[in-house]
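In case you want the letters, here they are:
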Amino acid sequence: MSHAQPRIGVFGGAFDPPHLAHVALAGAALTQLGLTRLHILPTGRPAHRSRPVSAGEHRLAMARLAFAELPDVVVDAREFARSGPSYTVDTLDELQGEYPGSQLVLIIGGDQAAAFPQWHRYQDILHKAIISVAGRENSAKAGGLFELQHPPGGRWEPLQWPLMSVSATDIRWRVASGLDIHHLVPAGVARYIEQHHLYKSA
Ligand SMILES: Nc1ncnc2c1ncn2[C@@H]1O[C@H](COP(=O)(O)OP(=O)(O)OP(=O)(O)O)[C@@H](O)[C@H]1O
Ligand SMILES: O=C(O)c1ccc[n+]([C@@H]2O[C@H](COP(=O)([O-])O)[C@@H](O)[C@H]2O)c1
């Protein structure tokens, strides 16, 4: 689909580790949302969750491996360079400056969409970016009173997306339990986890 303005996708996460749902989601976003480029942003210091299990250098390396096959993707380490929490609104501000005249599209899973009213300056985010939500199993229960389909002042574009139940929490648990993860992560990521002995005690 072609749009009047170039569209820049923004997809952030702990990526601890990046998994097949992340890669499929990025692929679906690239094609369906007509993105000219997609920035993948591993979080430095997450704003609303406890610290990731793995160091930033590992999550960055795994993100590079996981998304390497997709065209027009940039694995963007800028949130590591920032002091303080990784607020998405700051990232959007920076990208707006770097892509004048472009439309930013923020891609999030259903669990994060439900938590969106707790995000730092979320009203400003609604002015800066179109938000595209990929449904996620069990995310409705976290939804509370927030109306996903009609948020005040926001522009939302749904992503056509088959629900995928894979989560990084489950993958960390499987590794710690000695179970196979090859069906859940890209091959390069599985190798990296093995070589660096990640998640042995997660
Ligand atoms: N299976 C999935 N379906 C839809 N969205 C997903 C899925 N897995 C992750 N996401 C989305 O991808 C983004 C980054 O996710 P994140 O790196 O936190 O992975 P996660 O699997 O949710 O990790 P964890 O289990 O550690 O919380 C978030 O917006 C999240 O909602
Ligand atoms: O800016 C915020 O307040 C904020 C609050 C929660 C999550 N986010 C972003 O949402 C993305 C997914 O977060 P997570 O915790 O599901 O990995 C990641 O880029 C986070 O920085 C951002």
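For clarity, every value in this text was computed on a predicted model and none was experimentally measured. (Residues numbered from 1 in each chain as written. Chains lettered and ligands numbered in written order. Predicted model: local features only at pLDDT ≥ 70, side-chain atom pairs only at ≥ 80, totals over all residues.)

(A) The site of ligand 1, seen in detail. Around ligand 1, a shell composed of 18 residues is seen, among which Gly-13, Ala-21, Gly-109, Ala-168 and Thr-169 lie nearest. Listing elements by their share of the shell around ligand 1, those giving two or more residues are α1 (20–32), β4 (103–109), α5 (110–114) and α7 (168–176). Per-element accounting of the shell around ligand 1 gives the leading share, three residues, to α1. Its residues assigned to classes, the shell around ligand 1 shows nine nonpolar, six polar and three charged. (Near = placed C-beta within 6 Å. Helix = DSSP H or I, 4+ residues; strand = E, 2+ residues; numbered from the N terminus. Nonpolar A, V, L, I, M, F, W, Y, C, P; charged D, E, K, R; others polar.)

(B) Region of interest: the site of ligand 2. Around ligand 2, 16 residues are found, and the nearest of them are Gly-12, Ala-47, Thr-88, Trp-119 and His-120. Mapped by element, the contributors of at least two residues to the shell around ligand 2 are β1 (7–13) and α4 (88–98). Its residues assigned to classes, the shell around ligand 2 comprises seven nonpolar, eight polar and one charged.

(C) Seen up close, α1. Between its first and last C-alpha atoms α1 spans 18 Å; for 13 residues at 1.5 Å apiece the expected length is 18 Å, and the two agree. Ala-21, His-22, Val-23, Leu-25, Ala-26, Ala-29 and Leu-30 are the residues of α1 that are buried. For α1, the elements touching its buried residues are β1, β2 (37–42), α2 (56–66), β3 (73–75), β4 and β5 (129–134). Remark: Gly-34 follows α1 within two positions and exhibits a positive phi of approximately 65 degrees. (Expected span 1.5 Å × (residues − 1). Buried ≥ 20, exposed ≤ 12 C-beta atoms within 10 Å, placed from the backbone. Contact = placed C-beta atoms within 7 Å.)

(D) Seen up close, the sheet that holds β3. Judged by pairing direction, the sheet is parallel, and its six strands sit side by side in the order β3-β2-β1-β4-β5-β6 without closing on themselves. What marks the edges here is a single partner per strand, and that holds for β3 and β6 (156–158). Recorded for the sheet is a direction-independent mean angle of 25 degrees between the axes of neighbouring strands. Taken together, the four bridges between β1 and β4 define a ladder with parallel strand orientation. Residue pairing in the sheet places Gly-9 in a bridge with Val-105 of β4. Lying over the sheet, α2 contacts β2 and β3, oriented at roughly 155 degrees with respect to β2. Here α4 sits on the sheet and contacts β1, β2, β4 and β5; the angle it forms with β1, its principal contact strand, is near 150 degrees. (Pairing = 2+ DSSP bridges. Axes fitted to C-alpha atoms, helices over the stretch in contact; angles between N-to-C directions.)

(E) The nonpolar core, seen in detail. Val-10, Ala-26, Ile-40 and Leu-106 are the most contacted members of the largest nonpolar core, which has 48 residues in total. In terms of residue count, α1 provides more of this core than any other element does, six residues in total. With sequence-adjacent residues up to four places away left out, Ile-40 is seen in contact with Phe-11, Ala-26, Ala-63, Phe-67, Val-73, Val-74, Val-75 and Asp-76. (Core = buried A, V, L, I, M, F, W, Y, C linked by C-beta atoms within 7 Å.)

(F) Just the environment of Gln-32, in detail. Residue position: Gln-32 is located in helix α1. Judged by C-beta crowding, with 15 C-beta atoms within 10 Å, Gln-32 ranks as partly exposed. Residues Gln-32 and Gln-160, 128 residues apart in the sequence, show an inter-C-alpha distance of 8.0 Å. Ignoring any residue separated from it by four or fewer positions in sequence, one finds Gln-32 in contact with Leu-159 and Gln-160.

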